[in-house]
Amino acid sequence: IIGIKAHFDGLQIDPTLPDKWDVVEVKRVFRGCTYNITIENKNLNGKYVISVDGKEIEGNILPLFDGGEHTITVKRV
């Protein structure tokens, strides 16, 4: 449902949340990094857009980092 999966190139985000779920927050440790992920499911007809540390990325695979903690926002727009 939440759609966070390990992928060779990084974490893949592909949520399929129920319409009644407005927000989901997840902390995921992956390859030495902590990803604080917030998925906002408010615009039910929109597509998901992903931002990493405040910068929008293309696609749905989070980049790999050498460590640290990162803020991920996934919004339906």
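Just so we're clear, the structure is a prediction, and the values are computed from it rather than from any experiment. (Residues numbered from 1 in each chain as written. Predicted model: local features only at pLDDT ≥ 70, side-chain atom pairs only at ≥ 80, totals over all residues. Heavy atoms only, no water.)

What should I look at first to understand the overall build of the protein in this one?
What the protein contains, in helices and strands, is 0 helices and 7 strands. When its helices and strands are written in sequence order, the protein yields β-β-β-β-β-β-β. Taking 11 Å as the expected radius of gyration for a compact globule of 77 residues, we find that the protein reaches 12 Å, a close match to that expectation. Projecting the C-alpha coordinates of the protein onto the three principal axes gives extents of approximately 35 × 20 × 20 Å. Among the 77 residues that make up the protein, the fraction classed as buried is 35%. Within the protein, contacts between residues at least 6 apart in sequence are counted, and of these 52% link residues at least 24 apart. For the protein, the accessible area works out to roughly 4,900 Å², and carbon and sulfur atoms hold 48% of it. The centroid of the 10 positive side-chain charges in the protein is displaced by 3 Å from the centroid of its 11 negative side-chain charges. (Helix = DSSP H or I, 4+ residues; strand = E, 2+ residues; numbered from the N terminus. Rg over C-alpha atoms; globule rule 2.2 N^0.38 Å. Buried < 20%, exposed > 50% of the residue type's maximum accessible area, 1.4 Å probe, protein only. Contact = heavy atoms within 4.5 Å. Areas by Shrake-Rupley, 256 points an atom, 1.4 Å probe, with all protein chains shown as cover. Lys, Arg positive; Asp, Glu negative; His and termini not counted. Charge placed at Lys NZ, Arg CZ, Asp CG, Glu CD.)

Just to check I follow, could you spell out the environment of Val 49 for this structure?
With respect to the helices, strands and loops of the structure, Val 49 is situated in strand S5 (residues 48-52). C-alpha of Val 49 to C-alpha of Gly 68: the two residues are 19 residues apart in sequence and 23 Å apart in space.

Where do I start with the nonpolar core in this structure?
The biggest cluster of nonpolar side chains holds 16 residues, and the ones touching the most others in it are Ile 13, Tyr 35, Ile 37, Ile 50, Leu 62, Ile 72 and Val 74. Within the residue set of this core, elements represented by two or more residues are strand S2 (10-13), strand S3 (23-30), strand S4 (33-40), S5 and strand S7 (68-76). Here this core takes 4 residues from S4, the largest share from any one element. (Core = buried A, V, L, I, M, F, W, Y, C linked by side-chain atoms within 4.5 Å.)

Which parts of the structure should I look at to understand the sheet that holds S7?
Paired through their backbone hydrogen bonds, the strands of a sheet run either parallel or antiparallel. Strand order in the open sheet made by the 5 strands is S3-S4-S7-S5-S6, with mixed pairing throughout. Of all the strands in the sheet, just S3 and strand S6 (55-57) have a single pairing partner and so form its edges. Each neighbouring strand pair of the sheet contributes to a mean axis angle of 25°, computed without reference to strand direction. (Pairing = 2+ DSSP bridges. Axes fitted to C-alpha atoms, helices over the stretch in contact; angles between N-to-C directions.)

Sorry if this is basic, but what is going on with the packing of aromatic side chains here?
The relation between two aromatic rings is expressed through the spacing of the ring centres and the mutual angle of the planes. With the rule as written, the count across this model stands at 1 aromatic pair. Seen in terms of ring centroids, Tyr 35 and Phe 65 are 6.4 Å apart; in terms of plane orientation they differ by 50°. Their pairing is tilted. Of the two residues, Tyr 35 is situated in strand S4 and Phe 65 in the loop between S6 and S7; the sequence distance between them amounts to 30 residues. For Tyr 35, a relative accessible area of 0% translates into the label buried. (Phe/Tyr/Trp six-rings, centres within 6.5 Å; stacked < 30°, edge-to-face > 60°.)

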